[in-house]
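Spelled out, the chains give:
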Amino acid sequence: MPETMRCLVKHHAGPGLELTERPVPEPGPLEVRIRVTKAGICGTDRHIWEWDDWAASRIPVGIVTGHEFVGVIDKLGSAVTNYKVGQRVSAEGHTTAGVDYNSRTGNAHIATDTKIFGIDRDGCFAQHIVVPAENVWPVHESIPDRVAAVFDPLGNAVHTVMAADVSAKTVLVSGTGIIGLMAVTVAKAAGASRIFATDINPPRLALAKKLGAIEAYDAREGDGWIEDVRRQTRGEGVDVVLEMSGAAGAFDQSFRALRNGGTAALLGLPAKPVTFDFTEHIIFKGCTVLGINGRRMFETWYQMEELLLSGRLELDEIITHEFPLSEYRAGFETMISGEGIKVVLGIG
Ligand code: ZN
């Protein structure tokens, strides 16, 4: 075992990351150490790379970045008995001490003391990561590494779709970025009857159609698409909105496309407070609005595994690129330029 490892560190308070050497971390009694094989570059990592206001206010300089990964356990903490060295695993990236109200009542994904790999504690853009044993998720043998490396965002999509209950329902996916595209294939696999998608990026809209959306609308072309959706849904609007864009104008548009009594599950994060007509869109409509954060521990993970094992998820055209860790700059540039959709770094 070499005593140091290569890792991507936020080395100063500004844009970029640095590939550097750090001591290989040692697991505490209730932790495991994982030799990372592949790791996904997330939108969150992009914020950290670009060092926007959010990153500057949240990310400690010196941290090892990254939170989506798959790898192989290479050392167990002294008190860990339920895993084995050599086991292929991923891990839930949110940790909690397990003592607050939500952690103790089955809702640990919204705990008040959540700490996130690559944001609050060292992450997975590294040859090794140490995680709490309770966060470990054994990876099914039939799921390839490139898919297991993106369980984190796929879990966001699964959580959003499952929270809204889409079976035999019409669904609008608002925003076809990485998680929005995943939501299209997840909603289809989960039994949505007809899926509509909207975005402002024509190639992503075309991909949404390939993945199962029956209509994909460019939201820059005015509000005509809302009428089209209503025309195709008995004049009433869709049963379910999955808001994945966080774009200020998308909230008004997508709620206008939602039928009275429908459900809207919101995952996209607006950068600033948005103006929104609560009277028309929520109160008079009598609709249900769900805030979606992270993945349910571990209900979402079981659902995600079952959806993957069903063979009905189409991820090949969403996970577009893979770069070795040494070419991390090209990886980030490919993701930021929009040339790639989901970019994975090969680490091990
Ligand atoms: Zn992520």
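This structure is a prediction, so every number in the text was calculated from the model and none was measured. (Residues numbered from 1 in each chain as written. Predicted model: local features only at pLDDT ≥ 70, side-chain atom pairs only at ≥ 80, totals over all residues. Heavy atoms only, no water.)

Peer 1: Explain the overall build of the protein to me, please; I cannot follow it from the model alone.
Peer 2: The helix and strand inventory of the protein stands at 12 helices and 17 strands. Over its C-alpha atoms the protein spans a radius of gyration of 20 Å, differing by no more than 12% from the 20 Å that the globule rule assigns to 348 residues. The dimensions of the protein, computed from C-alpha atoms along their principal axes, are 65 × 40 × 35 Å. In the protein, which comprises 348 residues, the share counted as buried stands at 53%. (Helix = DSSP H or I, 4+ residues; strand = E, 2+ residues; numbered from the N terminus. Rg over C-alpha atoms; globule rule 2.2 N^0.38 Å. Buried < 20%, exposed > 50% of the residue type's maximum accessible area, 1.4 Å probe, protein only.)

Peer 1: I would appreciate a short explanation of helix 9 (residues 248-256) in the present structure.
Peer 2: Note on helix geometry: an α-helix contains 3.6 residues per turn, so any two residues three or four positions apart are oriented the same way. All of the buried residues in helix 9 are Ala250, Phe251, Gln253, Ser254 and Phe255. Turning to helix 9, the residues buried within the fold contact strand 10 (170-174), helix 8 (224-231), strand 13 (238-243), strand 14 (258-266), helix 10 (278-283) and strand 15 (288-291). (Contact = heavy atoms within 4.5 Å.)

Peer 1: Is there a simple way to explain the coordination of the zinc ion in this structure?
Peer 2: Six octahedral donors at a metal ideally form angles of 90 or 180 degrees, and four tetrahedral donors ideally form angles of 109.5 degrees. Around the zinc ion, the protein contributes the donor atoms Cys42 (SG), His67 (NE2), Glu68 (OE) and Asp152 (OD), which lie 2.1 to 2.6 Å from the metal centre. Seen from the zinc ion, its 4 donor atoms lie at angles of 91 to 153°, and the figure they make is irregular. All donors of the zinc ion belong to a single chain; written as a sequence motif, their spacing is C-x24-H-E-x83-D. Residue glutamate 68 is located in strand 4 (residues 68-76), and its partner aspartate 152 is located in helix 5 (residues 151-164); the two are separated by 84 residues in the primary sequence. The same class applies to glutamate 68 and to aspartate 152, which are both buried. (Donors = N, O, S within 2.8 Å, 3.2 Å for Na, K, Ca; no water. Tetrahedral: all angles 85-135°; square planar, octahedral: opposite > 155°, others 65-115°.)

Peer 1: Just to check I follow, could you spell out the environment of glycine 222 for this structure?
Peer 2: Summarising the element assignment, glycine 222 is placed in the loop between strand 12 (215-218) and helix 8. Looking at glycine 222, the relative accessible area reads 31%, which means it is partly exposed. In the structure, glycine 222 is positioned 31 residues away from glutamine 253 in sequence and 9.9 Å away in space, judged by C-alpha atoms.

Peer 1: Any chance you could explain the domain arrangement of the protein here in plain terms?
Peer 2: Often the size quoted for an interface is simply the accessible area lost on bringing the parts together. Each assigned domain of the protein is listed with its residue range as follows: domain 1 (4-150 + 315-346) and domain 2 (155-291). A separation of 29 Å is found between the C-alpha centroids of domain 1 and domain 2. In this complex, domain 1 contributes 10 residues to the contact, which on the side of domain 2 involves 9 residues. Counting the surface lost from both domain 1 and domain 2, the interface buries some 850 Å², and carbon and sulfur atoms represent 73% of this. On the domain 1 side of the contact with domain 2, Glu317, Ile318 and Ile341 bury the most area, a combined 60% of that side's loss. (Domains from an automatic or database assignment. Buried area = accessible area lost by both parts, 1.4 Å probe.)

Peer 1: Even after reading the chapter, I still don't get the sheet that holds strand 13, so can you show me in this structure?
Peer 2: Across a sheet, paired strands are connected by hydrogen bonds in the backbone, their directions being either parallel or antiparallel. The 6 strands are arranged 12-11-10-13-14-15 in an open sheet whose pairing can be described as parallel. The outermost strands of the open sheet, each flanked by one partner alone, are strand 12 and strand 15. When strand polarity is set aside, the average angle formed by the axes of neighbouring strands in this sheet is 15°. Of the pairings in the sheet, the one linking strand 10 to strand 13 comprises 4 bridges and is parallel in character. (Pairing = 2+ DSSP bridges. Axes fitted to C-alpha atoms, helices over the stretch in contact; angles between N-to-C directions.)

Peer 1: How do you make sense of the side chain of glutamine 253 when you look at a structure like this?
Peer 2: Structurally, glutamine 253 is set in helix 9. In terms of polar contacts, glutamine 253 uses its side chain to reach the side chain of aspartate 223, at 2.8 Å. Not counting the four nearest positions on each side in its chain, glutamine 253 is found in contact with Ala219, Gly222, Asp223, Trp225 and Ile226. (Polar contact = N/O pair within 3.5 Å; in protein donor to acceptor, adjacent residues only side chain to side chain.)

Peer 1: It is not clear to me how the pattern of salt bridges should be interpreted in this structure. Could you clarify?
Peer 2: A complete count under the given rule lists 20 salt bridges for this structure. Lysine 210 is paired through a salt bridge with glutamate 317; the nearest N and O atoms lie 2.9 Å apart. Here glutamate 317 lies in the loop between helix 11 (299-309) and strand 16 (319-324) and lysine 210 lies in helix 7 (residues 202-210), a separation of 107 residues in the sequence. Residue lysine 210 is classed as exposed on the basis of its relative accessible area of 57%. A salt bridge links aspartate 218 to arginine 220, with the nearest nitrogen and oxygen atoms 2.6 Å apart. By relative accessible area, which is 12% here, aspartate 218 ends up buried. For arginine 220, a relative accessible area of 54% gives the class exposed. (Salt bridge = Lys/Arg side-chain N within 4 Å of Asp/Glu carboxyl O.)

Peer 1: How should I be thinking about the environment of phenylalanine 69 in this particular structure?
Peer 2: Mapped onto the elements, phenylalanine 69 comes out in strand 4. C-alpha of phenylalanine 69 to C-alpha of serine 90: the two residues are 21 residues apart in sequence and 5.9 Å apart in space. With sequence-adjacent residues up to four places away left out, phenylalanine 69 is seen in contact with Ile34, Val36, Lys38, Ala39, Ser90, Ala91, Phe117, Cys124, Ile129, Val131, Ala148 and Ala149.

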